[in-house]
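The chain contents come next:
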Amino acid sequence: MSGFFVLVSFELNNKGLLSDWKILSKEIDDDISSVKGFISRDSGIDEQGYVYCLLKWQSRTYQEAFMRQLESRDDWPKTMEDFGRIANIETMTFKNIALF
């Protein structure tokens, strides 16, 4: 099976924001589910409070096209503001994983 995964991790600004993250995460799921080339998204939290999101795409090309589209939206600054209220951006990491 070929494909492309993106693994994103970050800490919540505080653990009391977990329910806010779950609401935002559901909105992300709803938004991304019909995007061309998107396969799946899973999200979870570990015992130290780090959130992990694993997104699977048919290829890196589809993932990159989606990111360009997302960043060009008029509501992108507001979306990032909402995300930054919940997620500690300074702790955010991205791992791109190509499947073979």
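Residues numbered from 1 in each chain as written. Predicted model: local features only at pLDDT ≥ 70, side-chain atom pairs only at ≥ 80, totals over all residues. Heavy atoms only, no water.

Break down the packing of aromatic side chains for me, citing the residues and quoting the values.
Tallied over the entire structure, the rule returns five aromatic pairs. Summarising the aromatic geometry, the rings of Phe38 and Trp57 are spaced 5.2 Å apart at their centres and angled 75° between planes, so their arrangement reads as edge-to-face. With Phe38 in strand 2 (residues 38–45) and Trp57 in strand 3 (residues 50–57), this residue pair connects regions lying 19 residues apart in the sequence. Per residue, the accessibility class of Phe38 equals that of Trp57, and both read buried. Centroid distance Trp57 to Phe66: 5.5 Å. Interplanar angle 35°. Geometry classified as tilted. The same class applies to Trp57 as to Phe66, namely buried. Chaining the aromatic ring pairs together yields one cluster made of Phe10, Trp21 and Phe83. (Phe/Tyr/Trp six-rings, centres within 6.5 Å; stacked < 30°, edge-to-face > 60°. Helix = DSSP H or I, 4+ residues; strand = E, 2+ residues; numbered from the N terminus. Buried < 20%, exposed > 50% of the residue type's maximum accessible area, 1.4 Å probe, protein only.)

Quick one: what's the story with the nonpolar core, residue by residue and with numbers?
Ranked by internal contacts, the top residues of the largest apolar core, which has 21 residues, are Phe10, Trp21, Ile32, Leu55 and Trp57. Mapped by element, the contributors of at least two residues to this core are strand 1 (3–12), helix 1 (18–32), strand 3, helix 2 (60–71) and helix 3 (76–86). If you tally residues by element for this core, the top one is strand 1, at five residues. Here Phe10 is in contact with Trp21, Gly49, Tyr50, Val51, Phe83, Ala87, Asn88, Thr91 and Met92, once residues within four sequence places are set aside. (Core = buried A, V, L, I, M, F, W, Y, C linked by side-chain atoms within 4.5 Å. Contact = heavy atoms within 4.5 Å.)

How would you summarise the pairing of strand 3 if you had to cite specific residues and measurements?
In this structure, strand 1 lies alongside strand 3, joined through eight bridges in antiparallel fashion. Paired with Val8 across the bridge in strand 3 is Cys53. Relative to strand 3, strand 2 is paired through seven bridges, and the arrangement is antiparallel. Following the sheet pairing, Arg41 is matched in strand 3 by Leu55. Linking two consecutive strands that pair antiparallel, namely strand 2 and strand 3, is a turn of four residues; a positive phi of about 95° is found at Gly49 within it. (Pairing = 2+ DSSP bridges.)

So what's going on with helix 1? Residues and values would help.
Helical geometry: 3.6 residues make up each α-helical turn, so side chains three or four residues apart lie on a common side. With 15 residues, helix 1 extends 21 Å between its outermost C-alpha atoms, agreeing within 8% with the 21 Å of an ideal straight helix rising 1.5 Å per residue. Considered for burial, the residues of helix 1 that qualify are Trp21, Leu24, Ser25 and Ile32. All buried residues of helix 1 project into a common sector of 105° when viewed along the axis, lining one side. Those residues of helix 1 that are exposed and aimed more than 90 degrees away from the buried face are Lys22 and Ile23. (Expected span 1.5 Å × (residues − 1). Arc of directions from axis to C-beta.)

Lay out the pattern of salt bridges with the relevant residues and their values.
Here the structure, examined in full by the defined rule, presents six salt bridges. Linking Asp30 and Lys26 is a salt bridge whose minimum nitrogen-to-oxygen distance equals 2.7 Å. In this pair, Asp30 and Lys26 are both assigned in helix 1, four residues apart and thus about one turn of the helix distant. We classify Asp30 as partly exposed; its relative accessible area is 47%. Note on Lys26: relative accessible area 48%, which makes it partly exposed. Taking the shortest distance from any N to any O, the salt bridge between Arg41 and Asp29 comes out at 2.6 Å. Here Arg41 is found in strand 2, whereas its partner Asp29 is found in helix 1, with 12 residues between them in sequence. (Salt bridge = Lys/Arg side-chain N within 4 Å of Asp/Glu carboxyl O.)

Without other data, these values stay purely geometric and don't point to any function.
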